There are 2 protein chains.
Amino acid sequence: MGEFDLIARYFQRPVRRAVLGVGDDCALLAPAPGMQLAVSSDMLVEGRHFLPTVQPEALGHKALAVNLSDLAACGAQPLAFTLALALPRVDEDWLAGFSRGLLALADAHGCELVGGDTTAGPLNICITVFGEVPAGQALLRSGARAGDDIYVSGTVGDARLALEAFRGTLSLPAEVFAAARQRMERPTPRVALGLALRGVASSAIDVSDGLLGDLMHVLRASGVGARVEASVAPELIAASAYVSSARGQFDPETLATCVFAGGDDYELAFTAPPAARDAVQAAARDAGTRATRIGVVEAQPGLRLVDGAGHALDLRRLHGFDHFA
Amino acid sequence: MGEFDLIARYFQRPVRRAVLGVGDDCALLAPAPGMQLAVSSDMLVEGRHFLPTVQPEALGHKALAVNLSDLAACGAQPLAFTLALALPRVDEDWLAGFSRGLLALADAHGCELVGGDTTAGPLNICITVFGEVPAGQALLRSGARAGDDIYVSGTVGDARLALEAFRGTLSLPAEVFAAARQRMERPTPRVALGLALRGVASSAIDVSDGLLGDLMHVLRASGVGARVEASVAPELIAASAYVSSARGQFDPETLATCVFAGGDDYELAFTAPPAARDAVQAAARDAGTRATRIGVVEAQPGLRLVDGAGHALDLRRLHGFDHFA
């Protein structure tokens, strides 16, 4: 099957919102008047962003999910995306599964595939996503102010838990592993929450590399620091009951590593002034998720993870995941 | 050097036209009122789109050039781009050269790097480019009509000539090889010509996979066919004097393969009604290139390459380059 047949069979569909979709030199988008276009690009590489064992359908889902998550962090409404795909070979089963997972999530968010590229090469998936946001209303990393509360949506740490189980550094009961694996392989981009947080949150970022590492980007961009409560860890992880149980026997450091430094959660970390607490909870409720207050923004730069007695814990074993570190 | 340091050192620059550039979850673009956004994405893989011997600076140039070429084919004004980069290792010399070539071409076209991604992995360069075009004025593949003239800009075939020399299937004098190699490694996107052809050309495409193969996309999208004159081959290749000389001794088939099926030229193939002949030549002159009339659009589907006597030549040895063929 040639490149053009491949595109036609698995990825080309009638144009809906775009002016012009797959099949010309460019796609054409017409943003609504007064709207800015939010753009983000993520590249996924086997062994780095996904395991060779992942199902193609889950991979298709995840490849778009991580990009939609960037739109969510800006409070942008998904509009369209391009897909560039390097494939070692044409495997129709793989392509059918991949495109099914990809387009199902795209449809769920009204986000249209408008173009891209396919080539032979080591497996590589590069998606660029476009969203709309009213001019001046995008959630930025730079808006956090001293005194703001710090929140994280949903649950974090479970994707790392699954990764550690895959790596063999810990073992999990089958049902705990299955749930954690879902979190790793089929993350839920918090698009609805991002939209609901426009005008409420003072800053936001999506948690891709690890909660504290990503939060540090917000703090640096905003010129502030933060204190985060270590005691929230057990309530932030979805596998809370297990890790806290005698059966789980998680030492605090492993738990903190998963929750605070585990990547691949694709939740939103965000800040909002204390006056907005009710609005934050309402936004989370409307978006079908939760928002947990985990700390406070402080004027003093740096990030302090403190225990119940206010003592700072050593962050060195919880550092974020840097792709070239 | 970590991912974030790498981005800051080689790719982050002050924002100019974009609302928000590198360093947040998304970049923000604000298209001017009445403008549509043209979007294209190209992925370059070593051994497939460039040779391991290519200089990083030339590769940076080419990676953006092939994307700007897609904007040119739509008649869009370059605005911004994202860069996703998988690197086997952090090689500062390579990065310095690559970013120099990339950003020099970006600056020449006022096209701003607004975001992207970096990761470890087999070398892969994925650029998504954004341009502006007044609503309804984009050059499309679907506008060719029977009776239109067919043109190609600049020179074609030299990139393939260089590739064949690299492959060892032919040998070239040093100065001929150097010039052909420039065409292969540092293509000139015909952005100015694409802009000048708005309202003049009836359809356009950029020549990336081979002149006739790419022309076929136009014909299919337009529901028409074409007759192309084989006799134009010697005047279309920049190495014309050499290939026509006793020293060159090019058989007609090798020449036709380079000119009609050679990829990587990044010229524009386009159609325009006969009444627009003067306007086409004026557009080419203004854009600093030339436009050669190579044939005519016909109602009968299919593409006929004919010799001086009007006999159809066998296209089977001149087919376009399909990435999975």
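Owing to the predicted nature of the structure, the values given are computational and were not obtained by experimental measurement.

(A) Main features of the sheet that holds strand 1 (residues 27-29) of chain A. Taken in spatial order, the five strands line up as 1(A)-2(B)-5(B)-3(B)-4(B) in an open sheet, and their pairing is mixed. The open sheet has two free edges, formed respectively by strand 1 of chain A together with strand 4 (112-120) of chain B, since each of these has just one partner strand. On average, adjacent strands in this sheet sit at an angle of 20° to one another, irrespective of strand direction. The sheet strands contacting helix 2 (residues 56-74) of chain B are strand 2 (35-45), strand 3 (77-87) and strand 5 (124-134) of chain B, and the helix crosses strand 5 of chain B at an angle near 30°. Together, strand 3, strand 4 and strand 5 of chain B form the strand contacts of helix 3 (residues 92-108) of chain B, whose direction differs from that of strand 3 of chain B by roughly 165°.

(B) A look at the pairing of strand 4 of chain B. Residues and elements named next belong to chain B. Where burial is concerned, most of strand 4 is hidden: eight out of the nine residues are buried. Of the strand pairs in this sheet, strand 3 and strand 4 are connected by eight bridges, and their pairing is parallel. In the sheet register, A80 faces strand 4, and the bridge partner there is E112. Note on the crossover from strand 3 through helix 3 to strand 4: the handedness is right-handed.

(C) Representation of the domain arrangement of chain A within the structure. Residue and element names in this part refer to chain A. Assigned domains of chain A: these are domain 1 (3-134) and domain 2 (141-318). Here the C-alpha centroids of domain 1 and domain 2 sit 27 Å apart. Note on domain 1 versus domain 2: buried area summed over both sides is about 1,700 Å², and carbon and sulfur give 61% of it. For the pair domain 1 and domain 2, the number of links is one salt bridge. Residues D264 and K62 are paired through a salt bridge, measuring 2.7 Å at the closest nitrogen-oxygen approach. At the boundary of domain 1 and domain 2, one finds five residue pairs in polar contact (both at pLDDT 80 or more). Elements that contribute at least two residues to the side of domain 1 that touches domain 2 include exactly helix 2 (56-74), strand 3 (77-87) and strand 5 (124-134). At eleven residues, helix 2 tops the list of elements feeding residues into the side of domain 1 that touches domain 2. In terms of residue class, the side of domain 1 that touches domain 2 is made up of twelve nonpolar, seven polar and four charged.

What counts as what
Residues numbered from 1 in each chain as written. Chains lettered and ligands numbered in written order. Predicted model: local features only at pLDDT ≥ 70, side-chain atom pairs only at ≥ 80, totals over all residues. Heavy atoms only, no water. Pairing = 2+ DSSP bridges. Helix = DSSP H or I, 4+ residues; strand = E, 2+ residues; numbered from the N terminus. Axes fitted to C-alpha atoms, helices over the stretch in contact; angles between N-to-C directions. Contact = heavy atoms within 4.5 Å. Buried < 20%, exposed > 50% of the residue type's maximum accessible area, 1.4 Å probe, protein only. Right-handed = clockwise from strand over helix to strand, strands pointing away. Domains from an automatic or database assignment. Buried area = accessible area lost by both parts, 1.4 Å probe. Salt bridge = Lys/Arg side-chain N within 4 Å of Asp/Glu carboxyl O. Polar contact = N/O pair within 3.5 Å; in protein donor to acceptor, adjacent residues only side chain to side chain. Nonpolar A, V, L, I, M, F, W, Y, C, P; charged D, E, K, R; others polar.

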